[in-house]
Each structure stands twice: as C-alpha cells, then as structure tokens.
Amino acid sequence: MSAYKIPESVLVVIYTPQLDVLLLERADKPGFWQSVTGSKDTPEEDLLETAIREVAEETGIDARQFSLHNWQTSNIYEIYPVWRHRYAPGVTHNTEHVFGLCVSSRPEVKLSPREHLQYQWLPWKEAADQCFSASNAEAILQLPDRI
C-alpha cells in the first residue's frame with residue numbers, strides 16, 4: 001500500500017426510514033461534522049467494498065446487514081489544504097462516490113477515537129445544515145428523492 005492516500009473516496013450517508021441521519025465529528029477538526037467518508041485502500045478496491053469497510057471502521061456498523069446503495073453520483077472537489085499532505089505531491093483534487101445506507105433503526109455506533117470525537121442523529125435538514133462539506137450536505141438534501 002502506498003504511503004499516500006488515493007484521491008478516490010466514498011461518502012456514505014447513513015439514515016433511518018424516518019430520515020434521521022448519522023453525523024460524526026472529526027477528531028482532527030473539532031466542530032467539523034460529516035457522514036462516513038474514506039479513501040480506497042488500493043486502486044483495485046471495489047467502491048462497494050470501500051464503503052462497507054469505511055462504515056465498519058468509523059461506526060462499527062456492518063453495512064452488509066442493511067440496505068447499501070451506490071447512488072451513481074460522484075463529486076470532484078479540491079482537497080482542503082490542511083489535508084493535502086496526505087496525498088502524493090501535486091494531487092489537489094479527489095473524486096468522491098456517494099452511497100446511501102438505510103438502517104432499520106439507530107444501530108449501536110462504536111466510533112474510532114482516532115477519527116471521530118462524537119456522533120449524533122439528526123433530522124435530514126438539520127443534518128445537512130451541520131455538514132462542513134457542501135457535497136455531503138447536498139447528498140443529505142437528496143435523501144427524500146432517493147427513497
């Protein structure tokens with residue numbers, strides 16, 4: 001595995017049938033709330049496998065037990081300068097693939113303390129307002145049309 005992050009990632013919006021959305025507060029940027037995100041481990045890793053792995057690593061939830069869907073949407077965005085050192089020199093943009101994970105209720109969440117400080121479940125509009133990432137907020141705002 002390369003020492004650098006691969007500039008291809010997943011964003012997984014975890015939500016209930018009532019459209020309550022799980023948000024996580026970043027450990028490296030307190031006050032920054034987001035859905036599950038994470039880069040591919042290898043260029044060959046399947047995006048679905050990346051999504052399943054990241055959900056497990058960040059929340060302890062087994063996405064295979066619920067309804068996980070690739071929304072066939074991707075966003076290309078500029079990597080925040082504060083995180084650019086994680087990527088190979090010259091890499092400035094990331095391609096993010098959006099997934100939705102509908103959980104039947106609010107499953108137990110086990111945070112990775114290295115990555116996140118706390119979590120909260122919020123109604124979808126409030127969750128979108130809390131996100132620091134515009135693409136994350138936009139994905140959450142699409143929820144009513146996705147179900």
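See the structure shown above.
Criteria and cut-off values
- Residues numbered from 1 in each chain as written.
- Predicted model: local features only at pLDDT ≥ 70, side-chain atom pairs only at ≥ 80, totals over all residues.
- Heavy atoms only, no water.
- Core = buried A, V, L, I, M, F, W, Y, C linked by side-chain atoms within 4.5 Å.
- Buried < 20%, exposed > 50% of the residue type's maximum accessible area, 1.4 Å probe, protein only.
- Helix = DSSP H or I, 4+ residues; strand = E, 2+ residues; numbered from the N terminus.
- Contact = heavy atoms within 4.5 Å.
- Phe/Tyr/Trp six-rings, centres within 6.5 Å; stacked < 30°, edge-to-face > 60°.
- Lys NZ or Arg CZ within 6 Å of the ring centre and 35° of its normal.

A.B. asks: Account for the nonpolar core, with residues named and values stated.
C.D. replies: Core analysis: the largest hydrophobic core is formed by 18 residues, its most contacted members being Val12, Ile14, Val55, Leu68 and Leu101. When contributions to this core are tallied by element, the ones reaching two or more residues are strand S1 (8–15), strand S2 (20–26), helix H1 (47–59) and strand S6 (93–102). Among the elements that line this core, the one with the most residues is H1, at 4 residues. The residues contacting leucine 68, other than those within four sequence positions of it, are Val12, Leu48, Ala51, Ile52, Ala63, Phe99, Gly100 and Leu101.

A.B. asks: Give me the packing of aromatic side chains: which residues, what numbers.
C.D. replies: For any pair of aromatic rings, geometry is given as the distance between the ring centres together with the angle between the planes. Counted according to the given criterion, the structure contains 5 aromatic pairs. Aromatic pair phenylalanine 32 and phenylalanine 132: ring centres 4.4 Å apart, planes at 40 degrees, arrangement tilted. Linking phenylalanine 32 in the loop between S2 and strand S3 (33–34) with phenylalanine 132 in the loop between helix H2 (124–130) and helix H3 (134–141), this pair joins segments that are 100 residues apart in sequence. Judged by its relative accessible area of 24%, phenylalanine 32 is partly exposed. Among the residues examined, phenylalanine 132 registers a relative accessible area of 23% and is labelled partly exposed. Where tyrosine 80 meets tryptophan 83, the ring centres are 5.5 Å apart and the plane angle is 90 degrees; that geometry is what we call edge-to-face. Taking the relative accessible area as the measure of exposure, tyrosine 80 reaches 36% and is therefore partly exposed. Among the aromatic side chains, those forming a connected cluster through ring pairs are Phe32, Tyr80, Trp83 and Phe132. One residue, arginine 26, lies across the ring of tryptophan 83, its end atom 4.2 Å from the ring centre.

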